[in-house]
Amino acid sequence: MFELLTGTGLAASAGLNAYIPLLTMGLLARYTDLIDLPSGWAWLGDGWVLVILAALLSVEVVADKVPVLDHVNDVVQTVVRPTAGGLAFGAGSTAETVTVSDPGNFFSSHEWVPVVTGVLIAFGVHLLKSAARPVINATTAGVGAPVASTAEDATSAVVSVVAILLPVLVLLFLAGLVAFLFWFRRRRADRRRELEAARAAGFRV
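Bear in mind that the values here come from a model prediction, so they are computed numbers and not experimental data. (Residues numbered from 1 in each chain as written. Predicted model: local features only at pLDDT ≥ 70, side-chain atom pairs only at ≥ 80, totals over all residues. Heavy atoms only, no water.)

Draft legend 1. Representation of the nonpolar core. Counting residues in hydrophobic clusters, the biggest one holds 24 residues, and the most contacted among them are Leu 22, Met 25, Ile 35 and Leu 37. Sorting the residues of this core by element identifies α1 (2–16), α2 (19–31), α3 (47–63), α4 (69–93) and α6 (144–165) as the ones contributing at least two each. With 6 residues, the top contributor of residues to this core is α2. Not counting residues up to four positions away in its chain, the partners in contact with Leu 37 are Met 25, Ala 29, Ala 42, Leu 44, Ala 91 and Ala 95. Listed in part, the 5 residues of the second largest apolar core include Ala 12, Val 125, Val 159 and Phe 173. (Core = buried A, V, L, I, M, F, W, Y, C linked by side-chain atoms within 4.5 Å. Buried < 20%, exposed > 50% of the residue type's maximum accessible area, 1.4 Å probe, protein only. Helix = DSSP H or I, 4+ residues; strand = E, 2+ residues; numbered from the N terminus. Contact = heavy atoms within 4.5 Å.)

Draft legend 2. Main features of the environment of Ala 151. The topology assignment puts Ala 151 in helix α6. Residue Ala 151 is classed as partly exposed on the basis of its relative accessible area of 42%. Residues Ala 151 and Leu 16, spaced 135 residues apart in sequence, show a C-alpha to C-alpha distance of 9.8 Å.

Draft legend 3. Up close: the layout of surface pockets. The volume enclosed by the largest pocket comes to roughly 300 Å³. Around the largest pocket sit 14 residues that line it, and Leu 16, Ala 148, Glu 152, Thr 155 and Phe 180 are the ones nearest its centre. Those elements that provide at least two residues to the lining of the largest pocket are α5 (112–140), α6 and α7 (170–204). (1 Å grid on protein atoms, 1.4 Å probe; cavity = no way out; pocket = protein on both sides within 12 Å on 5 of 7 lines; lining within 4 Å. Points joined across faces, edges and corners; volume = space filled by probe spheres on them.)

Listed below in structure tokens is the structure:
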């Protein structure tokens, strides 16, 4: 159960920012005893991999905070984030952590399942993020882009750490994600009605 929560949290985190969960796992595996990656995923703790991930994260952090450029970045990340989610779920769900001492039994017969699961989770979160950003930009004249992006990066970082150290709290994040989805759908419907009303008023003038 904890393996599933760990993988889910890391994959969802990748849907917000592709590089934060991978970098978190790599740094913790290399410099602490909080996570022990299996041999097939040990490359995440390699020094050069960490440098590359840090460089990519720097580009992502900047690009995601500039209106219009953030939309272009989301298009590019449509492939990157789900891929990172698959890697994060695969590595996290099969690693030994402070809460999981025998992770090998969970996905022992179907090793491809966690990767595909991670891809789907990250892709779903990415779609929600990509759909919400244009609405935020439009309603705030672009001012909300850096604020939303910073909040997403912070959430990604916190969820990545929590997924490894206290995976049960991932359930709270998932509940918040569902609540945000319902709020977003209602807000978008309200905005559509406002635009239709404005057009109707314009035609009557």
